[in-house]
Amino acid sequence: MQYTLFTAAGNQAIAYVAWMDGQGYAHAGAFGVAPSASMLMTDALANLLGVAALALLLRLLLRRDARLAAA
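This structure is a prediction, so every number in the text was calculated from the model and none was measured.

1. Section: the overall build of the chain
- Counting its regular elements, the chain contains three helices and zero strands.
- The order of helices and strands in the chain, counted from the N terminus, is α-α-α.
- A compact globule built from 71 residues should have a C-alpha radius of gyration of about 11 Å, whereas the chain, at 18 Å, is more than 25% larger.
- For the C-alpha atoms alone, the extent of the chain along its principal axes is close to 55 × 40 × 10 Å.
- Per-residue burial over the chain gives 6% buried out of 71 residues.
- If you sum the accessible surface of the chain, you get close to 6000 Å²; carbon and sulfur atoms cover 72% of it.

Quick look at the structure:
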């Protein structure tokens, strides 16, 4: 059961990235870029957003830990 849930979580991540890349490919003409470049830009933007979210989370957790240590 646990292995199945772990596999499903991995498949979900692959599915939404494929969907986002497909959206980038479909809307490539709106920005005047080649479809393959649009897919790469979509993937790069998703990665940058993920890094920004993790950096924000890390900053919040470290700030909380510093407050707890000072108390």
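2. A few points about the side chain of D21
- With respect to the helices and strands, D21 occurs in helix α1 (residues 2-26).
- Setting aside residues up to four positions removed in sequence, D21 forms contacts with M39, T42 and D43.

3. Looking at the packing of α1 against helix α3 (residues 35-70)
- Contact pair α1 / α3: the axes reach a minimum separation of 8 Å and the direction vectors enclose 135°. Judged on the interaxial angle alone, α3 and α1 are oblique. For the pair α1 and α3, the sense of crossing is right-handed. In this structure, α1 contributes V17, M20, D21, G24 and Y25 to the contact, and α3 contributes P35, S38, M39, T42, D43 and A46.
- Looking at side-chain class alone, the contact of α1 with α3 contains six nonpolar, three polar and two charged residues.

4. Some remarks on a nonpolar patch on the surface
- A cluster of nonpolar side chains, contributed by L54, L57 and L61, occupies part of the molecular surface with about 280 Å² of accessible area.
- Mapped onto the secondary structure, L61 falls in helix α3.

5. Looking at the environment of A66
- Take A66: it is sitting in helix α3.
- Sequence separation between A66 and D21 is 45 residues; the distance between their C-alpha atoms is 40 Å.

So, how was this worked out
- Residues numbered from 1 in each chain as written.
- Predicted model: local features only at pLDDT ≥ 70, side-chain atom pairs only at ≥ 80, totals over all residues.
- Heavy atoms only, no water.
- Helix = DSSP H or I, 4+ residues; strand = E, 2+ residues; numbered from the N terminus.
- Rg over C-alpha atoms; globule rule 2.2 N^0.38 Å.
- Buried < 20%, exposed > 50% of the residue type's maximum accessible area, 1.4 Å probe, protein only.
- Areas by Shrake-Rupley, 256 points an atom, 1.4 Å probe, with all protein chains shown as cover.
- Contact = heavy atoms within 4.5 Å.
- Axes fitted to C-alpha atoms, helices over the stretch in contact; angles between N-to-C directions.
- Parallel < 35°, antiparallel > 145°, perpendicular 65-115°, else oblique.
- Left-handed = near helix turned anticlockwise from the far one by under 90°.
- Nonpolar A, V, L, I, M, F, W, Y, C, P; charged D, E, K, R; others polar.
- Patch = residues over 30% accessible without salt bridge, like charges linked within 9 Å, V, L, I, M, F, W, Y side chains within 5 Å.
- Salt bridge = Lys/Arg side-chain N within 4 Å of Asp/Glu carboxyl O.

The values are spatial; any link to function lies outside them.
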